[in-house]
Every structure is written in structure tokens, then in C-alpha cells.
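Read off the chains here:
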Amino acid sequence: MTPFETSPLTRKLSAFVALSKAELDVLERRHQRRRSFVAGRDMVHQGQSDQAAYILSAGWVCSYKLQPDGTRQIVDFQVPGDFLGLRSVLLRTSDHSFEPIVEIEAAEVLKSDLLAAFSDTPRLATAILWAASRDEAMVVEHLVGIGRRDADARMAHFLLELGSRLALVGMGSREGYDCPLTQYHLADVLGLSAIHVNRVLRQLRERGLVTFRDGRVSFEDHAGLVKLAEFDAAYLDQTGPLLK
């Protein structure tokens, strides 16, 4: 297998469609314009209409929404294999911003190239629509978490979701995964204070469920954490390709 056939993007889309050689070639050609971005500087900003999107190849990104008073709300985190800024291509402007958490590498995809890929390879277009629908399903789960789950279950659910997403692209397992997020990142996305996040992580660690230390999430009792969070990964739709 070629390096691209085992890339995070290919692994992710292959959860929905068994990509043919021709479809892989089209996808790889859209993955050639690679750029590096430093941490802390927006790569796509709210209101942008530059008609380009990105495919994250390496590193982590946060997506966030700016409020009129200058404060921000983190919406989610993007990991390798994820698309960034699709709304600035498919809509007139991007309705939120993307900021690298660490130095990253991403492939720029122009609007014309993306639309040509949609026209030439409808199955690939369907796979990208699946990825966008999956992102929407995750946003729904996050809203439920903030509105209905207590802090322990909210944290557990989020860490399990990240683990499932990373496992899909070969970067995580039931044992755990590397994670560059700080407690402030977790506080922002989960609607908690940083002090509360620290307390929740300590409680989960003391219960022997999960440890988050030195950039590593370690599942000590994966089944117990799933039970606490009532985590059902069906919304991530990772059980195997629907299109053969």
C-alpha cells in the first residue's frame, strides 16, 4: 500500500466508502498543495470567503466562534483526516475560525478543485458529505453534553469520542492516545471552568477510569468510562463502509 492509502484522510473516508484506485488518485491529487501553519495563528477566520478549504494532515486544530464582545467559544477540535473550512467553500463565508493548537500541516483545496472532484467522482463527493454529516452529529452530542450531562459524564464522553475519532485514523486505541489539549481547552469546549476541569480529571483518575497527564490520555477502565458516560459510538458511524 502507498503512504496515501494509509493516510488519516483515506482511513477516515474508507469508513464510509471502499475507495477505488481512481477515487484514491483523485483524492491524492487534491492533497498535493501542502502547507505548514504555526500554532496560535488563524488559518481560516470567521467571515472569510477565500474559496479554499484544508485537509488536516498532521497536528491538532480548534474551531471556535467569536462573540461581539471579543470572547470566543471553542466548538470542537480537528484531528488529522478532518476537513477545515468547508463552509467557506460551500457557503459564501466561513461562520467560525480555525486555529492550530500545535504546528500543523494541511493540504489546501481550492473551490474549483473540490467541485471538479465532486463532478468527476460522485462516490467521493458522497463520502465528503458523510464526513460533514458526521461532524454535525458530533455537534449535536456536544450540545446534549453541555445541556444534560453532569461534569464527570461530559468529560468522559468527550475523551471517549476523541479516542474513537483518533482510532479511526490510526492514532488511538482502547488504551489511550496522545493529546496536546490543555485544561483551558477542555474547559472552553465543555462549558466548565478550568478549576472544575482539574477537579473532574482528578476524580476520574482516583476512580481508576482515565488519566490525562503529560499530553497523554490513558484509559485505565475503558468499559467503566463508557458506562459512566453512557457512550454509544453509533453517531460516529465507524463500523465499516456502507458503499462497497
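The model shown is predicted, which means the values in this text are computed figures rather than measured ones. (Residues numbered from 1 in each chain as written. Predicted model: local features only at pLDDT ≥ 70, side-chain atom pairs only at ≥ 80, totals over all residues. Heavy atoms only, no water.)

Q: Any chance you could explain the side chain of His-185 here in plain terms?
A: Among the structural elements, His-185 can be located in helix α7 (residues 183–190). There is a polar contact of 3.0 Å between the side chain of His-185 and the backbone nitrogen of Thr-182. Apart from the residues within four sequence positions on either side, His-185 is in contact with Ile-74, Phe-77 and Ile-101. (Helix = DSSP H or I, 4+ residues; strand = E, 2+ residues; numbered from the N terminus. Polar contact = N/O pair within 3.5 Å; in protein donor to acceptor, adjacent residues only side chain to side chain. Contact = heavy atoms within 4.5 Å.)

Q: It is not clear to me how unusual backbone geometry should be interpreted in this structure. Could you clarify?
A: Glycine aside, residues mostly have negative phi angles, and peptide bonds mostly take the trans form. The phi dihedral of Asp-214 is positive, around 55°, even though this residue is not glycine. Structurally, Asp-214 is set in the loop between β9 (210–213) and β10 (216–219). Of the residues examined, Asp-214 reaches a relative accessible area of 77% and is grouped as exposed. Unlike most non-glycine residues, Asp-237 shows phi in positive territory, near 55°. As for its position among the elements, Asp-237 is in the segment after α9 (222–229). Judged by relative accessible area, Asp-237 falls into the partly exposed class, the value being 26%. (Buried < 20%, exposed > 50% of the residue type's maximum accessible area, 1.4 Å probe, protein only.)

Q: Is there a simple way to think about the packing of helix α6 (residues 151–168) against helix α8 (residues 194–206) in this case?
A: Angle between the axes and distance between the axes: these two values describe a pair of packed helices. Where α6 meets α8, the axes come as close as 10 Å, and the angle between the chain directions of the two elements is 80°. Considering their axes alone, α6 and α8 lie roughly perpendicular with respect to each other. In contact with Ala-151, Asp-152, Met-155, Ala-156 and Leu-159 of α6, α8 contributes His-196, Val-197, Val-200, Leu-201, Gln-203 and Leu-204. For the contact of α6 with α8, the per-class residue count stands at 8 nonpolar, 2 polar and 1 charged. (Axes fitted to C-alpha atoms, helices over the stretch in contact; angles between N-to-C directions. Parallel < 35°, antiparallel > 145°, perpendicular 65-115°, else oblique. Nonpolar A, V, L, I, M, F, W, Y, C, P; charged D, E, K, R; others polar.)

Q: Help me out: how do you make sense of a nonpolar patch on the surface in this one?
A: Where nonpolar side chains cluster on the molecular surface, the patch consists of Val-75, Val-139 and Leu-143 and spans about 230 Å² of accessible area. Classification of Val-139 by relative accessible area gives partly exposed; the value is 33%. (Patch = residues over 30% accessible without salt bridge, like charges linked within 9 Å, V, L, I, M, F, W, Y side chains within 5 Å. Areas by Shrake-Rupley, 256 points an atom, 1.4 Å probe, with all protein chains shown as cover. Salt bridge = Lys/Arg side-chain N within 4 Å of Asp/Glu carboxyl O.)

Q: Hey, could you run me through the UniProt feature "domain: HTH crp-type" (unreviewed entry) in the chain in this one?
A: Residues annotated by UniProt as "domain: HTH crp-type" (unreviewed entry) correspond here to residues 149–223. Helix makes up 55% of residues 149–223 and strand 15%, whereas the separation of the span's terminal C-alpha atoms amounts to 18 Å. (UniProt positions renumbered as here; feature names shortened; annotations may be inferred.)

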